[in-house]
Amino acid sequence: MLGKLLKYEIRAVGRIMLPLYAALLILSVVFGAVMASDQNMDMYKTIIAFTTLLLVLVFTIVAIMTLVMIVKRFNKNIYGSEGYLTLTVPASIATHIWNKTISALIWFFFSEIAGVFALVFMMVPVMGVENVGTAFEMIRKVKVDITPLDVVSIIIMAVVITGSLALRIYASISVGHLVSRAQNVCGIAAFIGFTIVEAVILNIFGLDSFNNVTMSISDNMPEVGMHVLTPQLLGPCFFALAFGAIYYVITWGIMKYRLNLQ
């Protein structure tokens, strides 16, 4: 059942997000082409300014819409007009929460990938296709002290921290629906409150910064010594896991015992 729910969820969000990704990539190509064009042509600065404005606007819209869709889908699908239909599906409350959380992780990931491709599409026309290979060769020569275990750890940390953020949003929405009026305001207040509590606890344990990355120069190339498996980096991950579990319990408890459908 989780797979079916997730398939439906991805399709529903994709109708909004995929066109935005396409617009972002197209504008990136246009921006790169304009940057690589003759700077002496008429209205060059005007075209650059206009294209830059559009690109920044679309970047911003993609980032905002990713969060908006995560909030809107949970709020409408669980507590809003679709709530009665959603909860008649033969699936547990836990399944619904996992469905929304996994979907949020997927769309956060897609948004980041779209951003990376947009940057590449902007740079290729400016650098020239013939120089792309040279750039990749320079990147390949960068000596990075990261083991396969470090890579796995980075991926796990990204998933845990992003998942915790999604669950914090869901818990905030759920808390907001405990009241009959000003639910959105209460949800925002709950999110701010949860965020402050997290920041205070992390600060108490000295986990509010990442100071374990050192830089050195060798053979005129950067050599980065990144030790991922350290308390400074793993600490926030463990706390994010703990906070995520708390937010999960809050969301599950409200949906189970205090569900207030509109």
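Everything quoted here is computed from the prediction, not taken from an experiment.

Trainee: Could you give an account of unusual backbone geometry, naming the residues involved and the relevant values?
Mentor: A positive phi is found at Ala182, a non-glycine position, where the angle reads about 50°. With respect to the helices and strands, Ala182 occurs in the loop between helix H6 (148-176) and helix H7 (183-204). Relative accessible area serves as the criterion here: at 47%, Ala182 is assigned to the partly exposed category.

Trainee: Tell me what's going on with the packing of aromatic side chains, and back it up with residues and numbers.
Mentor: This model, assessed by the stated rule, comprises 11 aromatic pairs. Centre to centre, the rings of Trp107 and Phe110 are 5.3 Å apart; their planes meet at 85°, and the pair counts as edge-to-face. Taken together, the residues Trp107 and Phe110, both in helix H4 (residues 93-127) and three residues apart, mark about one turn of the helix. Using a relative accessible area of 3% as the deciding quantity, one classes Trp107 as buried. By relative accessible area, Phe110 is classed as partly exposed at 35%. Each ring, one from Trp252 and one from Tyr257, has its centre 6.0 Å from the other, and the planes form 80°; the classification is edge-to-face. Residue classification places Trp252 among the partly exposed positions, given a relative accessible area of 30%. Overall, Tyr257 belongs to the exposed group, its relative accessible area being 61%. By way of ring pairs, the aromatic residues Phe194, Phe205, Phe239, Phe243 and Tyr247 are connected into one cluster.

Trainee: A description of a nonpolar patch on the surface should follow, citing residues and the corresponding values.
Mentor: On the surface, a nonpolar cluster with roughly 660 Å² of combined accessible area is contributed by Val29, Phe109, Phe110, Ile113, Val116, Phe117, Val120 and Phe121. No other element matches the seven residues that H4 contributes to the nonpolar patch. By the element assignment, Phe109 lies in helix H4. When its relative accessible area of 47% is taken as the criterion, Phe109 is described as partly exposed.

Trainee: Would you mind going over the pattern of salt bridges in detail, with residue names and values included?
Mentor: For the structure shown, the criterion picks out three salt bridges. Taking the shortest distance from any N to any O, the salt bridge between Glu9 and Arg73 comes out at 3.2 Å. Placement of the pair is Glu9 in helix H1 (residues 2-36) and Arg73 in helix H2 (residues 44-79), with a sequence separation of 64 residues. Residue classification places Glu9 among the buried positions, given a relative accessible area of 2%. The salt bridge involving Glu198 is made with Arg168; its shortest N-O contact spans 3.2 Å. Taken together, the positions of Glu198 in helix H7 and Arg168 in helix H6 put the pair 30 residues apart, joining distant regions of the chain. Considered together, Glu198 and Arg168 belong to a single accessibility category, that of buried residues. Each of the salt bridges in this network shares a partner with another, and the network as a whole consists of Glu9, Arg73 and Lys100.

The rules behind these values
- Residues numbered from 1 in each chain as written.
- Predicted model: local features only at pLDDT ≥ 70, side-chain atom pairs only at ≥ 80, totals over all residues.
- Heavy atoms only, no water.
- Helix = DSSP H or I, 4+ residues; strand = E, 2+ residues; numbered from the N terminus.
- Buried < 20%, exposed > 50% of the residue type's maximum accessible area, 1.4 Å probe, protein only.
- Phe/Tyr/Trp six-rings, centres within 6.5 Å; stacked < 30°, edge-to-face > 60°.
- Patch = residues over 30% accessible without salt bridge, like charges linked within 9 Å, V, L, I, M, F, W, Y side chains within 5 Å.
- Areas by Shrake-Rupley, 256 points an atom, 1.4 Å probe, with all protein chains shown as cover.
- Salt bridge = Lys/Arg side-chain N within 4 Å of Asp/Glu carboxyl O.

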